[in-house]
Amino acid sequence: FTYVDPGYTPYVLDGANNSLTVTSTGTLRNAGGIDELAILGRSGNEAVTNAGTVTGKVDLGGGANSFLNAQGGVFNMGPEIILGAGNTLTNSGTMRSGLPAPAPGGMLGGAVMPSGGSGMIETVAITGNLEQTSGGLWEVDIDGSANTADLVSVTVTASLAGTVRVNVRSPVATRQKFTILTAG
């Protein structure tokens, strides 16, 4: 499953009970880049499973929703992930606040390079819960000279197992403290 809409339209889940699976060779993103909506749910119950690559904002709407970033999956989170109150984003794959560094020429797999990316500081707001399993990897950027870091802000609860990999830009010799996750 590969979905890249050149008209900047997100993939829409519309109905009472919907499921979307992005397979290991699949890609789902909006041609507008990471700051644009990749998946839009309506009022139904939405279940998204990603074993490939999803890039951008996600809004699953109302209902009983879930987003599973499965083992082998890559979720390049846009600035907003709206799951709905009490619903959960589960990360068992690789989760990033933004995109990795672009290929030469400023593009990443044809995607427009967003304001963020590897080495770029991003803030992601998750409406719902975040759970990272023991197999999950969360990649975080820190800029020592600017004294800033990626931040994921979760409205309900966050539970982290697995690994947090830190990409340090502009390291400094002094001790610094960064907040990369808030919840509740």
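Numbering of residues begins from 1 in every chain and follows the order in which that chain's sequence is written. Residue-level local features of this predicted model are given only where pLDDT is at least 70; pairs of side-chain atoms are given and counted only at 80 or more, and the full residue set underlies all totals for whole chains, interfaces and linings. To obtain the side-chain values, all non-hydrogen atoms of the structure were included, while hydrogens and water were left out.

Caption draft 1: Expanded view of the sheet that holds strand β10 (residues 88–91). What makes two strands pair is DSSP finding at least two bridges between them. Numbering of helices and strands runs from the N terminus; a helix is a DSSP stretch of H or I covering at least four residues, while a strand is a stretch of E covering at least two. Within the open sheet, the 6 strands sit side by side as β3-β6-β8-β10-β15-β19. Their pairing is parallel. Each end of this open sheet is capped by a strand with a single partner; those strands are β3 (17–22) and β19 (158–160). Each adjacent strand pair in this sheet contributes to an overall mean axis angle of 10°, direction not counted. Of the strand pairs in this sheet, strand β15 (residues 129–132) and β19 are connected by 3 bridges, and their pairing is parallel. Angles here are taken between N-to-C directions and fall from 0 to 180 degrees, while the axes themselves are lines fitted to C-alpha atoms, restricted in helices to the stretch in contact.

Caption draft 2: Structural view of the pattern of salt bridges. Should a side-chain nitrogen of Lys or Arg be within 4 Å of a carboxyl oxygen of Asp or Glu, the pair is scored as a salt bridge. Under the definition given, this model contains 4 salt bridges. Ionic pairing is found between E80 and K57, a salt bridge with its closest N-O pair at 3.5 Å. Of this pair, E80 sits in strand β9 (residues 74–82) while K57 sits in strand β7 (residues 53–59); the two residues are 23 residues apart in sequence, bridging distant segments of the chain. The class of E80 is partly exposed, set by a relative accessible area of 36%. The salt bridge involving E139 is made with R165; its shortest N-O contact spans 2.9 Å. Note that E139 is positioned in strand β16 (residues 137–143) and R165 in strand β20 (residues 163–169), a separation of 26 residues in sequence. Members of the salt-bridge network, linked through shared partners, are R96, E139 and R165. For each residue, the accessible area found with a 1.4 Å probe, counting protein chains only, is set against the maximum for its type, and the residue is called buried under 20%, exposed over 50%, and partly exposed in between.

On their own, these measurements won't tell you what the molecule is for.
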